[in-house]
Every structure is written in C-alpha cells, then in structure tokens.
Amino acid sequence: MTLEGHRRSLLRRRRRRRLRRLLALALLLTAFTVLMLRGYVHSEFLADHRVRPGAPFDRVPEEVREGGPVVDAAGPRPVGHRVPDHMIVLTFDDGPDPEWTPKVLDKLAEHDARAVFFVTGAMAARHPGLVRRMVAEGHEIGLHTFNHPDLSYQSKPRVDWELAQNQLALAGAAGVRTYLFRPPYSSHAHALDNESWPVVRYAGSRGYITLLNDIDTKDWARPGVDEIVRRAVPEEAGAGAVVLMHDAGGDRSQTVAALDRLLPELKARGYAFTNLTEALRAPSAHTPVSGPELWKGRFFVFAVGVAERATSLFIAALTVVGLLVFARLGLMLLLARAHGRAARRRAALAPEPVTRPVSVVVPAYNEAECIAHTVRSLVAGDHRVEVVVVDDGSRDATADIVEGLRLPDVRVVRQANAGKPAALNNGIAHASHDIIVMVDGDTVFESSTIRELVQPFADPAVGAVAGNAKVGNRDTLIGAWQHIEYVMGFSLERRMYDVLRCMPTVPGAVGAFRREALERVGGVSDDTLAEDTDLTMAVHRDGWRVVYAENARAWTEAPETLRQLWSQRYRWSYGTMQAMWKHRRAVLERGPSGRFGRVGLLLISLFTVLMPLLAPLIDVFLLYGLLFGPGQRTVAVWLGVLAVQAACAAYAFRLDREPLAHLVSLPLQQILHRQLMYLVLLRSWATALTGGRLRWQKLRRTGAVDSAPAGIAKPRHMQGSTTV
Amino acid sequence: MTETATPSPAQPPGTGDRASAGAGRDRYLDLLRALALLRVVLYHTFAWGWLTFLFPSMGVMFALAGALMARSLARPGSALGVLRGRIRRLLLPLWLYGLVVLGVLFAQEWRPARGEEAALWWLKLAFWVVPVGTPPFPMRIGEDGGMLDAGWAQQAAGPLWYLRAYFWFVLLSPLLLKAFRALPWTTLLAPLGLTAVVGTGLVEIPGATGEAVRDFAVYGACWVLGFAHHDGVLYRIPRYFAPSVGPVFMGLGLWWSARHPGPDGWDLGDIPLGQALWSFGYCVLLFQVSPAWQRLPERFRRFDGAITLANNRAVSVYLWHEIALIATVPLIDLLWRIPAVWRSPTLSGLLENSYPVLMFLLVWPLLAVLVAALGWAEDLAARRRPRLWPYGPYRREDEGAKDAGREDAGRAGESRTDGRPVGGGTGAGAVPGARGAVGEGSHRP
C-alpha cells in the first residue's frame, strides 16, 4: 500500500470509528432529549410554586387600583377599563385540559356563548387541537405564561421567556398570536400591589393588555355548583363583569355543571356572553402568524407531540425490559436448581468414572507472566494429562519459560503468529488423546478441575463441557464487579442453558471437547472474534450435547482496567453477534441444529443482545425520576429492584459456594458496571450496523492469578465447608 | 524544577525523624488541601450551595488533619509535647487575627457588656485566646453605608468555628486514637451516630455548647478516618470494600439532604447529618484513591508553587480570606464614582450583577497581601525562620517544619505494596512494575 493509500485508509477507519461512537451517543441523547422535552411541558422542571404574599400597594397608580379589570399599562398613564353593562366575559385559566376543556367548550357552544381562555404554553403545546377549536369557535386566547410561575418572583428575561414560549406554543397550535395576558395568581385590579404591579406594567410595555377579573368564582376549590353560580352573578344587577373560572388543574365537573345553569339564567336576565374584544368593540386580540415564526411554533408543538407519544412508548419498552429481566432471573433460578438435581442424577447413573488420560491444549501469546502457573497447575491435577502449549509467535519468553520447567508430559509447539484459532487447531493436531481440554494461558486450574471437567464424557452424547470460570483477582473493585457478574450471570446462565440444552459458549478459559466432535465441525474457525462461541454453536448443530460442569473451577485473571474490560467485552459481544449471524440458518434447519437454532438462538438474542439494548432505558428513567420527580418513588423502586438482584445474587453465590462479602459492591456494580456493559453492546451494534472487523485486543497481564487456590476461596472449597 | 533531597540544616526538634528516612510530603494530600481552600473561598464569594457537594472542603480538611495528628502522635515523645506543638501552630495565627479584628472593633467603639453580663463577656473574650468556645462579637457595628458593612464582624468571626472544632479534636485526639485502636469500626462510625442524634433535632443542645458538640459529631468521622488512613486500615481491608461503601454513605447523605433541605436548599452547611455522611463517604473515596505522590504529576505541575504556598499558609488563608472578601466590597464600590457607570442604567446594572465575579477577582491579590504581611505567624508557630512568600515547588527544607497537612508518603507506599492482599492474598501487588511491562499484543496482527 502506498503511503497515501495507507493514510487514506487510516482516515477512513477513524471516520468510521467516529461515526460509530456518534451513533451510540446519538441514540442515548435522543432518548434523553425526548424525556427532557416531556419534563419541560409537564412543568417538571423550572417549576416554581412560590406564591407571593400580599405587599404594600402605595406604588400602584390610583387609576388602576380603582379602575376596571382590563388594564392598559402601555402608556405613561396606565388605565383600567371596565366591561360594559349587560356583558359578561367568562375567562378560563390554566387550560387546555384534555378532559375538561372539551366539556367547557361544548357547554359554551350549546348556549352560544363566547369566552376568553388563558392558556399556558405547556398545556397548549400538549393539546394543540383544543386551542385550534377555541379559535375556530370564536373564543379568544390569552397568555397565561408557559408554566405558571408567580411572575413577581421572576427576572425580566424569565418573564420575556415565559411570554415568548407561550406565544410559540400558541402559534404552533392555532397559527395566531395574541395581545391578551393574565399573570398567574392574579386577582382584582384593587388587589394589585407593589410586587405584582411591575409585572403588569412590564407586560404593558411589551404591548400586552392585562385582563384581571371582577369576579373570582374560586371554582378550583370545588365549593359546589350552587356556590359557583351564586358567586358568578354580578352583585349589582345588570353590571358588566369579567368572571374567572378554570378549565384545568383538577376535577372541573362543578365548573361545567355551573356553566350549564349560569348561561341560561343570566341570558334570561339580559346578559350577553362575548369574548373580550367583542365586549369592548375593539379589534380582535388575535393576529395570524406566518413565515418562520409559524414554522418554529409548529415544529415545537410537533416535537412535544413526539415526546408525549415517545414516552408512552418508552414506558411500554420499560415494562417489556422489566418483565424480561425478571423472567430471565426467575428462569435462571428455577433451572439452576433443576441443574443441580440433574447433575447429581447424571453422576449417579454414570457407568464408571472417566479416568483415561486427556490432552490439554494451551494457546499462548505473550503469557510470560502467567504461563508457568498455568502449566504447573495443569500437571499438578489428579487426572492424567498431556499438555500441549502452543506458542503463537510470542515476543516474550513464553515458550522458553515452559520448556525451562522441564516437566514430563508437557510439550511446546511453536508457530508463527497466526491467531488463537490457528493455535488451537495446531494444538489439537499435536494432541494424542480423544478428549481435549482447552485452557487460556492466563488461567489456573484446581487439582480436581480436569477430572470434574471430563466426567460428563461418560455419556457418549456429550460433545463438549463448559467449566466454571472464576475471577481470581477479585480483590479490586472492578474485579469484584466481574466476580459478581461471573457468579450471578455466567454461572447461573450456564446452568439454565445446560438444562435447556442450548449452551452458547464453552469458555475459552476452561472447556473440554471430544476430538470426534471437533473433527466433525472442522476444528476451530477464525470467522468470528468469539471463536469459543462459534465453535460451541457448531458442536450443538452437529447434534452433540454441551453440558456445564460447575465443579470444574478455573481461576482466570479478569481485566483490571476499564479500558481492558471494555475491549474484552466489546470482543465478546461483537463476536457473539458474529457467531449468531454465522449460524443463523440453524433457525430453519431440522433436527438438533434446528432445535438449537429455534430455542438457543432465540434465547441468546433475547437475553444477551436485545434485552441489554433496552436496559439503558432503566437508567434514563432513573435519572429522569430523580431530576423531575417523583424522586422518592423512583429511588424506592430502584432500591426494590436492587433488593431483588441482591437476593438472587446471594442465591447464586450460595450455589457456587462463594462468600457473600463481595456483594457489598453490588449497588455500585448496578450503577457503573452494568452501564459499561450496555455501552459496549451499543457500540457492538453500531459496529455491526456500520460494518467493520475488530482486531483481537489482548489483555495486559499482571500475573495476579498465580495459583488456583487463590488464598481466600480455594481452601474453603477444598475443605468442603459451606461458606455462606 | 529540581528537587534535591537535602535534609534541612535547621530541623526543629521532634520532626526530623522521618524526613531523613526518605519520607516526603504526599503531594496528593497537599493538592487536596489546596483544593479545599480554593473551594472555601469560592463558596464564600458566590454562596453556591452545590459547591459543598462538589467538594466537601471542611470534611476533607478535618480528615487530612486527623491523618496528620495520628502521625504526630505516633512519633516518639510525649503526647503532651505533640499537643503543645500542634496547638501552638493553631493559636499564634489566631491571636494575630484576633488582635487585628478586635483592634478594629474597639476602634469602631465596640465596648464590653456591662452589668450582669460583664463577667461572662470577659470570660468569653478569652475564647479569642483559647478557642474552646465561640468568642463574642457584635452582630452589627458601625453604620450601613460606611466603609465596612455593618455585619462585617459576623463575617470575620465566620472561620472561628473551624478553629474551635480543630482545637477540640486536637485535645481529644490521644483519647480518640486509643479508642480507635481498641474499637476501630465503632469509633469510626460513632460520630455519624452522634450526628444522627444531635444534628437532626432529635436531641437539641442549645447555644454555643450545642454548636460545638454538633461540629464535633459532624466532622468526627472524617477526623477518625484520618487515623484510619494513617494506620493503613484502608489498605488492609479488601480493596473493593471502601469504594463500594463510600458511595453508600454519600447516597444516604444525598437522600437525607433531599428530605431535609436547609434554608438555602442544597447546602450541606445547613444539613448536619447530610454533611457528615456526604463528607465521610467522599473522604473514604479520596483516601482510597490516594496515589501517594512524591511529586505532582505532569498535568498538575504548573500549580506546584501555588499548592506549596497554600499548604505553607493554610491557616492564614483560611483565617484571612473573609477579611479579604470584606475588603473587596468597598474597593469595588469605588467604581460607582465613575460618572459613566452610575449614569448609564446598563453599566450600573452590569456592575450590580457582577459583584461576586469582581469580588472573586479582587480577593486573590488582597489575600496575597494579607498572607505576605501576616503569614509569618505560621512560621513562627512552627519554630521556623519566617518567610515572606513560601511559594515554589516543594523542597525538602519545607519538610519537618510545616505540619498543616504533612503526610508520610513513605508509609503509604509501604503499606500499599506490602499490606494489600491482592488476588486473593497471593501478593501480586508486590510486582507493580510488572504492569505495563507486557506490550499490548495482538493475536491478529
């Protein structure tokens, strides 16, 4: 490749990687934005529920305090107008509400009355159809701010913002803007004080007419239909009035019923129900909006609509995830019990124990840190073995170290660097026995591991056996998390898959295969990044049974940094996806292959590929609940789920005879480790969607696991004491 | 930036025993202390309550001081001598501060209480000398609109609670340390329990005594945690343990704070139990991270000088920053004399809104002047040659003389490699050099 070409391909790769990262990020961001928008129009933040108590009123002009409810504060001499006699302007605040506003509109239409609706921006954006209907039926719309704060507490920019957002929602919903305004918590003109007057004044300076009221029915307190009707009638017969009612904010059935009596009664007394500008013979308060402003409004209302619908979708998805999580847990627990029973029965029925020697293949690449421990632990076991260490072109002294051990029955095969699958195949070719155990170069066996691992081969139908990989370096936080994950996830999962006969992976760290099975499936393939999963699936499809030997414990060194963990899991999850794709035809096939395809692949895709994809929703909702409430309930639900997880974990630890101490990290594991895992999965998805092949990323080894009986755990196992 | 390990020629008695043995300051702890001071000044300028969550300075300061105290008490020599040295370092700067503050107050015609309260007043005045309690100060003095704000004395007395609490902690440390060694977990967690009793209104102890007990309870867990850090307890327990439980305490603190917000909402200063839990959990994490830096890492290196200064003048910065803040206001007020400013509504509005920012900009030069002029008291208290401006990269000469925050990095290092059971007790931590020795290889080149 030319230098230029090399650079170009580098650039392309980098661009693709960036694209992938962007894709994953965009997904999460979209979900969060949608939730934020929903929170925004549900007044779940920026909400300010303070209401100012009364204040002195010496700075409110006399003309205004003694004047009418229609306050024009634009000029240097503010003035309050009154509604003419025999006119009533009904005003409805805080709507539109999906339940009550239509009923109010129906009543008004029934009695041929018109009114003024002071809508909040949040409600208007959520129910644009109702706003359109108000305008179409001749009612007038006024601004009631975006989310109903007491404006006397707010800064001028915030007041501007409240009004602008309110207009935006109105423009988007009905295509008009209005010059009518009513501040939240306002009352009569003579109730204006030094704190509330500046708001009216400021609105006036912005060209708004502020409409206060003459009569407050206080219908929001639900005083009874009679009382509302009584209050709504002007004391002085025939006097005009602006009447305040509400069409939102709770049960408004009394308001609707009161309208049904009020309208005919007052009509009979000669009153007309008009909107404000009709009453004052002024030009309509509405101005049509066009151009960019209209589109901005429409976009806003549209986005809010999407958010409203999307959140119900989210909630549905969350329910599905929740059900899946608990179904999986329940299934795992149930089948884990069954597995224990079945394993005991199998052991009892076995004609005679498997004692013939087996071959152990150890593919090793730069394993100088651990290889000596690994090999020693293999030959120190209580089963006769022949060990074949395949040095895959290591740059360190891996091969020399093994040779330097001078152990009988241990051979070293050197090859040029060709990858793990090739090393395994090479090792199989050099192995002389018919049962082949595969071990990673960083894994240490207990003395009984190989014996336990090969016993299931007494059953001629068994083609492969998965061992129980354990985290050796579990003392660090990240090690403890993985330990929990191994015991609770992998170990429990393998029991379930064993019973269901669809074990997806015989781990590379500790597994055994029948040579015949390996030969029939053509050895280890390098088609995927998870060659162990690929191989296991192939063995299944060939009709062999794959079982789990939980007592065949092997101590492996887990990644110690987040970066290593990330690349390991990325390889696993992307490799699993590759393997599933490779074996996708199994779904349609007959016989054991078809069975594995339809049961196994379904379960794997459900539990390890799809479910974690939806899992971030749980955390997005947790965050949302914490930010916008109900905080207490959110925390309670989360703690409840955590308690269930903890109980299951404790059970899994008991099954694996592990001390419970590490569970102290479970809460943190649930907030940090799990998120990391699904981010990995998201990235794998992004990789799969954008195409691309992953390099094998090798762990850096520290040699932290140097003998199987890792101090704490092993002796207890060996004594056979229960440790929980 | 050269750092030679020349032992100080003039090492004060009783402090040189470790310095020659290769111990240096733990610059990580120095960085924490500098951060804590920065946060205190920021908080007192802007009054942002969330800063108390971002970095619980007071808890961190007490935890660092606790570690230091345990270290001092571990040295040969009588506990009494240690206490005397420790208290001397606290009192001398306090006396200087008291002299200045009382001087101005008396110049402003603040007079002793008369009649029945007189005796008590004089007794309380002694708290300026021996800070076992809160000394008297006028809530308001002078007139509004004068050079000094009428409430300045109250602001100037703000930092005194810390010295009082510190004083009590120092006095009780020998006892606390004994208790800790006998019953480590109980002693560590008992202050949190005490806070739950006296800091939540469950039991209300009135007056200044109540305040003292509350402060002692709130920060007691942090102080004892300092002991635990010194004794290497955090390295003896499994490594996953502390980072797992630290956030639990913090979570409890958050939960409590959410249920019981103070008058300013989310401000730990007004939520004793929240403060105690959050600070404790936070310090557990900080001590867990504890990388024991002999030198600052490259990316912090440019702050080396400032961090040294902050550590050499910690008490002075803490005491005098309020005075510096008080002084910024009349200085900024001078801007009103510019006609263009008071004539233009835009400019005057702008000025009105930018007071905190201007204060923050101005407080540093003022604080520098105060520290340069009055910081020598710390050197004097430490029996060290007075220095004007102990700025610059950390040098050994500073060692042994300065104690607000000296930490024995060598000890931390030792216990890290020897004491930590790694990999199930297999001692893998003993080969830290092995990490990274293996190149990042690839099976698929």
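Residues numbered from 1 in each chain as written. Chains lettered and ligands numbered in written order. Predicted model: local features only at pLDDT ≥ 70, side-chain atom pairs only at ≥ 80, totals over all residues.

**Quick notes on the overall build of chain B**
So, point 1. A count of helical and extended segments in chain B gives 20 helices and zero strands.
So, point 2. A burial count over chain B gives 41% of its 445 residues as buried. (Helix = DSSP H or I, 4+ residues; strand = E, 2+ residues; numbered from the N terminus. Buried ≥ 20, exposed ≤ 12 C-beta atoms within 10 Å, placed from the backbone.)

**A closer look at the sheet that holds strand β18 (residues 462-471) of chain A**
All names here are of chain A.
So, point 1. With mixed pairing, the eight strands of this open sheet are ordered in space as β15-β14-β13-β16-β19-β18-β20-β17. Two strands close off the open sheet at either side, each with one partner strand: β15 (410-415) and β17 (443-445). Ignoring which end each strand starts from, the neighbouring axes of this sheet average 30 degrees apart.
So, point 2. Here seven bridges tie strand β13 (residues 358-364) to strand β14 (residues 385-392), and the two strands are oriented parallel to one another. Within β14, the residue paired with Val 358 across the bridge is Val 385.
So, point 3. Each of β13, β14 and β15 is contacted by helix α13 (residues 398-405), which is oriented at about 160 degrees to β15, the strand it contacts most. (Pairing = 2+ DSSP bridges. Axes fitted to C-alpha atoms, helices over the stretch in contact; angles between N-to-C directions. Contact = placed C-beta atoms within 7 Å.)

**A short note on the packing of helix α4 (residues 57-74) of chain B against helix α13 (residues 272-289) of chain B**
Residues and elements named next belong to chain B.
So, point 1. Close contact between α4 and α13 brings their axes to 9 Å; oriented N to C, the two are set at 55 degrees. With respect to each other, α4 and α13 are oriented oblique. Judged by the twist between their axes, the crossing of α4 over α13 is right-handed. Where α4 abuts α13, its residues Gly 59, Val 60 and Ala 63 lie against Ser 279, Phe 280, Tyr 282, Cys 283 and Leu 286. (Parallel < 35°, antiparallel > 145°, perpendicular 65-115°, else oblique. Left-handed = near helix turned anticlockwise from the far one by under 90°.)

**A look at the environment of Gly 250 of chain A**
Residue and element names in this part refer to chain A.
So, point 1. Assignment of secondary structure puts Gly 250 in the loop between β10 (241-246) and α9 (253-268).
So, point 2. Here Gly 250 falls in the partly exposed class, since 14 other C-beta atoms lie within 10 Å of it.
So, point 3. For the pair Gly 250 and His 430, spaced 180 residues apart in sequence, the C-alpha to C-alpha distance is 80 Å.

**Thoughts on the environment of Gly 80 of chain A**
Residue and element names in this part refer to chain A.
So, point 1. Positionally, Gly 80 belongs in strand β2 (residues 79-81).
So, point 2. Spatially, the C-alpha atoms of Gly 80 and Glu 369 are 89 Å apart, while their sequence positions differ by 289 residues.
So, point 3. In this structure, Gly 80 is in contact with Glu 63, Val 64, Gly 67, Gly 68, Pro 69, Val 70, Val 71 and Ala 189, ignoring residues within four places of it in sequence.

**Remarks on the domain arrangement of chain A**
So, point 1. You can read the domains of chain A as domain 1 (69-289) and domain 2 (316-719).
So, point 2. The C-alpha centroid of domain 2 of chain A is placed 67 Å from the C-alpha centroid of domain 1 of chain A. (Domains from an automatic or database assignment.)

**A few points about the nonpolar core**
So, point 1. One finds Ile 436 of chain A together with Leu 225 of chain B to be the most contacted residues of the largest nonpolar core, which totals 192 residues.
So, point 2. What Ile 436 of chain A contacts, discounting residues up to four positions off in sequence, is Val 358, Ser 359, Val 361, Ile 428, Ala 431, Ala 512, Phe 513, Arg 515 and Leu 518 of chain A.
So, point 3. Counting 95 residues, the second-largest nonpolar core is a separate cluster that includes Val 60, Ala 174, Leu 244 and Leu 617 of chain A. (Core = buried A, V, L, I, M, F, W, Y, C linked by C-beta atoms within 7 Å.)

**A few points about helix α9 (residues 184-198) of chain B**
Residue and element names in this part refer to chain B.
So, point 1. Compared with an ideal rise of 1.5 Å per residue, which puts 15 residues at 21 Å, α9 spans 22 Å between its outermost C-alpha atoms and is within 8% of the ideal.
So, point 2. By the largest-angle criterion, Ala 190 marks the main kink of α9, which is about 35 degrees, and a proline, Pro 191, follows within four residues.
So, point 3. All of the buried residues in α9 are Thr 187, Leu 188, Pro 191, Leu 192, Thr 195 and Val 198.
So, point 4. Elements in contact with the buried residues of α9: α8 (160-182), α10 (207-231) and α13. (Expected span 1.5 Å × (residues − 1). Bend = angle between axes of the 7 residues up to and from the residue.)

**Remarks on the confidence of the model for chain B**
Residues and elements named next belong to chain B.
So, point 1. Averaged over all residues, the pLDDT of chain B is 81; the fraction at 70 or higher stands at 83%.
So, point 2. Per-element mean pLDDT across chain B ranges from 31 in helix α1 (residues 16-19) up to 95 in α13.
So, point 3. Scored below 50 in pLDDT, residues 1-22 shows 36 contacts in the model against residues more than four places distant or in partner chains.
So, point 4. Overall, residues 397-445 carries pLDDT values under 50, and its contacts beyond four positions in sequence, including any with other chains, amount to 131 contacts.
So, point 5. In the predicted complex, the global pTM is 0.72; the interface-specific ipTM is 0.73. (pLDDT = per-residue confidence, 0-100.)

**Description of α13 of chain A**
Residues and elements named next belong to chain A.
So, point 1. Taken as a whole, α13 has its buried residues at Thr 398, Ala 399, Ile 401 and Val 402. One side of α13 holds all its buried residues, which, seen down the axis, span an arc of 160 degrees.
So, point 2. For α13, the elements touching its buried residues are β13, α12 (371-379), β14 and β15.
So, point 3. A positive backbone phi angle near 50 degrees is found at Arg 406, which sits one or two residues after α13. (Arc of directions from axis to C-beta.)

**Some details on the pairing of β13 of chain A**
Side chains on a regular strand alternate between the two faces of the sheet.
Residue and element names in this part refer to chain A.
So, point 1. Counting buried residues along β13, seven of its seven residues qualify, which places the element largely inside the surrounding structure.
So, point 2. For the crossover from β13 across α12 to β14, the handedness is right-handed.
So, point 3. With three bridges joining them, β13 and strand β16 (residues 435-439) adopt parallel strand pairing. When the bridges of β16 are listed, Ser 359 appears paired with Ile 436. (Right-handed = clockwise from strand over helix to strand, strands pointing away.)

**With respect to the packing of helix α2 (residues 27-46) of chain B against helix α18 (residues 355-374) of chain B**
All names here are of chain B.
So, point 1. Two numbers describe how α2 lies on α18: the axes approach to 9 Å, and their chain directions differ by 145 degrees. Between α2 and α18 lies a crossing whose hand is right-handed. Listed contacts from α18 to Val 41, Thr 45 and Phe 46 of α2 are Pro 356, Met 359, Phe 360 and Val 363.
So, point 2. Of the residues belonging to the contact of α2 with α18, the class tally is six nonpolar, one polar and no charged. (Nonpolar A, V, L, I, M, F, W, Y, C, P; charged D, E, K, R; others polar.)

**As for unusual backbone geometry**
Residue and element names in this part refer to chain A.
So, point 1. Cis geometry is found at the peptide bond from Gly 95 to Pro 96, where omega equals -5 degrees.
So, point 2. Residue position: Pro 96 is located in the loop between β3 (87-93) and α3 (100-110).
So, point 3. Phi is positive for Arg 281, close to 55 degrees, though the residue is something other than glycine.
So, point 4. C-beta crowding within 10 Å serves as the criterion here: with 8 such atoms nearby, Arg 281 is assigned to the exposed category.
So, point 5. The residue Arg 501 is not glycine, and still its phi comes out positive at about 60 degrees.
So, point 6. Relative to the assigned elements, Arg 501 resides in the loop between α16 (477-500) and β19 (510-514).

**What about the environment of Phe 280 of chain B?**
All names here are of chain B.
So, point 1. With respect to the element layout, Phe 280 can be found in helix α13.
So, point 2. Take Phe 280: there are 29 C-beta atoms within 10 Å of it, and that puts it in the buried class.
So, point 3. Those residues within four positions of Phe 280 in sequence are excluded, and the remaining contacts are Gly 59, Leu 192, Ala 221, Cys 222, Leu 225 and Phe 249.

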